[in-house]
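Notes for the structure review
The lines below spell out each chain.
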Amino acid sequence: MKISIVGAGPAGGFSAYLLAKAGQDVQVFEEHATVGEPVACTGVITGNVMARRLQVPEELVINRIAKARIFSPSGSHIEVRLKNDIIIDRAGFDRHIAAMAKDAGAKLFLNHRFEGLEHNKGRIIAAVKDKTKGATLKIETDYLVGADGPVSTVAKAAGLYGKRAFYTGIQITIPVANDNVIDFHPSEDGIAWLVPENEEIVRVGVAANKEANAYFRKFITSVAGDGYEKKITGWQAGPIPVYDPKLKSATKDGKILLAGDAATMVKAPTLGGINQSLMAAEAAAESINNGTNYEKAWKKLMGRDLYISLMMRKAMERFGNRDYDRLVEIFSSEKNKAVLEEYDRDEPGKFAIRMLLTEPKLLPLAAKAIFL
Ligand SMILES: Cc1cc2nc3c(=O)[nH]c(=O)nc-3n(C[C@H](O)[C@H](O)[C@H](O)COP(=O)(O)OP(=O)(O)OC[C@H]3O[C@@H](n4cnc5c(N)ncnc54)[C@H](O)[C@@H]3O)c2cc1C
């Protein structure tokens, strides 16, 4: 059985590894010349959730962070303990997974871009351009995994793209003295963050669904002052898909599967998707190896969390700055902070249910997910 995977990010690389390890004939097509580049990611992961599937090698851990501050728009903040948050070298992380896949027997083709699909009497034929030679190859395959990121060409070609919505993420790396605490600034403009690489350098960014550039300039000026442009040592930007529960992530016959950002599997409140990409890869490999239903497999791993996180995001999109002030105030009580500290960000389902049951003050804010 031949399996073709488009994209060598975390979803594609980890699918390739799991499938090749199970003895499948796997080939990965990556459009760039180097796996992992260009980077569009802050690289913050909840280490505990990651460790269930993958051990991040120590040399790829740039920083470990024990605390986060969440600021209200009016400037007050709460400080919460983090369980095991790590900041990774994201390009190195993708290359590490790709190397695991190659060691397990997967073939990796760099500079190969998936361009379209031909269906011929139930067979899948992928058109893949070898960018070095300028030639288009026709690849016949039993399964096609689209792990090609938020604007997935595989999703478009297979009629699985849907009407997806995006946030725009913009981030720079810049010298700023700091106390090794992650700062989150949620507001009606979007979410902004300051993530330390060490006590002198930070990754500063924003994600917004409108006017992201203006929001970014306003936030970075407040952090690094005027003239920050001259101090920038790294710059990146990219679209972040909003999870769409209506979207199908596999064709009717289950032979074309979307995984990770390609299937909008991003947790909506914090817009992180690395752990979700690995979960999608696990579900895709399980479904191909055992001939089981992919949709059911990934929903079992993260369906409820993605749905609840979407509800949280919907409510937050209707918040004004006074609602964010109120939210920070509610979480400043020791009782509520303790609940916030108990759960991993990758598992918002359990957290949201527990909070709504124990803190009635949250109900008017939560209701914004449903009512205007
Ligand atoms: C600014 C920013 C900050 C972020 N920060 C975090 C964070 O801190 N933590 C977190 O968990 N998530 C974060 N995310 C989200 C995270 O980066 C994604 O969820 C994650 O990369 C998804 O992995 P993936 O494998 O699904 O897709 P990708 O990582 O996008 O990989 C897709 C791969 O497919 C390749 N490709 C695309 N099209 C084709 C084609 N036609 N043919 C061949 N190859 C193709 C691409 O080159 C790429 O290598 C951030 C995103 C942004 C934009």
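Remember, predicted model here, so these are calculated numbers, not experimental data.

**Digging into the site of the ligand**
Around the ligand there are 34 residues in total, and A11, E30, H32, R90 and D261 lie nearest to it. Within the side chain of D261, an N or O atom sits 2.7 Å from an oxygen atom of the ligand. Measuring from a nitrogen atom of the ligand, one finds a backbone N or O atom of G273 at 3.0 Å. Notes on the ligand: free accessible area 1,000 Å², of which the protein chains cover 89%.

**Re the pairing of strand β13 (residues 190-196)**
The two faces of the sheet receive side chains in turn, since in a regular strand these alternate between them. Among the seven residues of β13, seven are classified as buried, and the element is accordingly described as predominantly covered. Residues G190, A192, L194 and P196 line one face of β13 and the alternating positions I191, W193 and V195 line the opposite face, and both faces are buried. Sheet topology places strand β12 (residues 182-187) next to β13; five bridges connect them, and they run antiparallel. From the neighbouring strand, P186 faces β13, where its bridge partner is I191.

**Comments concerning the packing of helix α6 (residues 274-290) against helix α7 (residues 294-317)**
Two quantities define a packed helix pair, namely the angle between the axes and the distance from one axis to the other. Between α6 and α7, whose axes approach to 7 Å, the crossing angle comes to 155°. Regarding the angle of α6 to α7, the classification is roughly antiparallel. The two elements α6 and α7 cross, and the hand of that crossing is right-handed. Listed contacts from α7 to Q276, M279, A280, E282, A283, A284, E286 and S287 of α6 are Y294, A297, W298, L301, M302 and L306. Broken down by class, the residue content of the contact of α6 with α7 amounts to ten nonpolar, two polar and two charged.

**Brief notes about the nonpolar core**
By size, the foremost hydrophobic cluster in this structure holds 100 residues, and its most contacted members are I5, V56, L144 and Y294. Per-element accounting of this core gives the leading share, nine residues, to α6. Filtering out sequence-adjacent residues up to four positions away, L144 remains in contact with S4, V6, F114, L117, I124, A126, V154, K255, I256 and L257. Within the second largest apolar cluster, 17 residues are counted, among which are I174, L194, F219 and Y228.

**Details of the domain arrangement of the protein chain**
Annotation of the protein chain at the domain level lists domain 1 (2-40 + 91-164 + 244-302), domain 2 (53-87 + 166-241) and domain 3 (313-369). Here domain 1 and domain 2 have C-alpha centroids that lie 29 Å from each other. Listed as interface residues are 20 residues of domain 1 and, on the opposing side, 16 residues of domain 2. The junction of domain 1 with domain 2 conceals about 1,500 Å² of combined surface from both sides, 77% of it contributed by carbon and sulfur atoms. Counting every contact that joins domain 1 to domain 2 gives one salt bridge. Among the salt bridges present, the one from E282 reaches R53, with a minimum N-O distance of 2.6 Å. Applying the counting criterion to the domain 1 and domain 2 interface returns one residue pair in polar contact (both at pLDDT 80 or more). At the level of secondary structure, the elements contributing two or more residues to the side of domain 1 that touches domain 2 comprise α3 (90-103) and α6. Here the side of domain 1 that touches domain 2 gets five residues from one element, more than from any other, and that element is α3. The residue makeup of the side of domain 1 that touches domain 2, split by class, is 14 nonpolar, three polar and three charged.

How each quantity is defined
- Residues numbered from 1 in each chain as written.
- Predicted model: local features only at pLDDT ≥ 70, side-chain atom pairs only at ≥ 80, totals over all residues.
- Heavy atoms only, no water.
- Near = heavy atom within 4 Å.
- Polar contact = N/O pair within 3.5 Å; in protein donor to acceptor, adjacent residues only side chain to side chain.
- Areas by Shrake-Rupley, 256 points an atom, 1.4 Å probe, with all protein chains shown as cover.
- Buried < 20%, exposed > 50% of the residue type's maximum accessible area, 1.4 Å probe, protein only.
- Helix = DSSP H or I, 4+ residues; strand = E, 2+ residues; numbered from the N terminus.
- Pairing = 2+ DSSP bridges.
- Axes fitted to C-alpha atoms, helices over the stretch in contact; angles between N-to-C directions.
- Parallel < 35°, antiparallel > 145°, perpendicular 65-115°, else oblique.
- Left-handed = near helix turned anticlockwise from the far one by under 90°.
- Contact = heavy atoms within 4.5 Å.
- Nonpolar A, V, L, I, M, F, W, Y, C, P; charged D, E, K, R; others polar.
- Core = buried A, V, L, I, M, F, W, Y, C linked by side-chain atoms within 4.5 Å.
- Domains from an automatic or database assignment.
- Buried area = accessible area lost by both parts, 1.4 Å probe.
- Salt bridge = Lys/Arg side-chain N within 4 Å of Asp/Glu carboxyl O.

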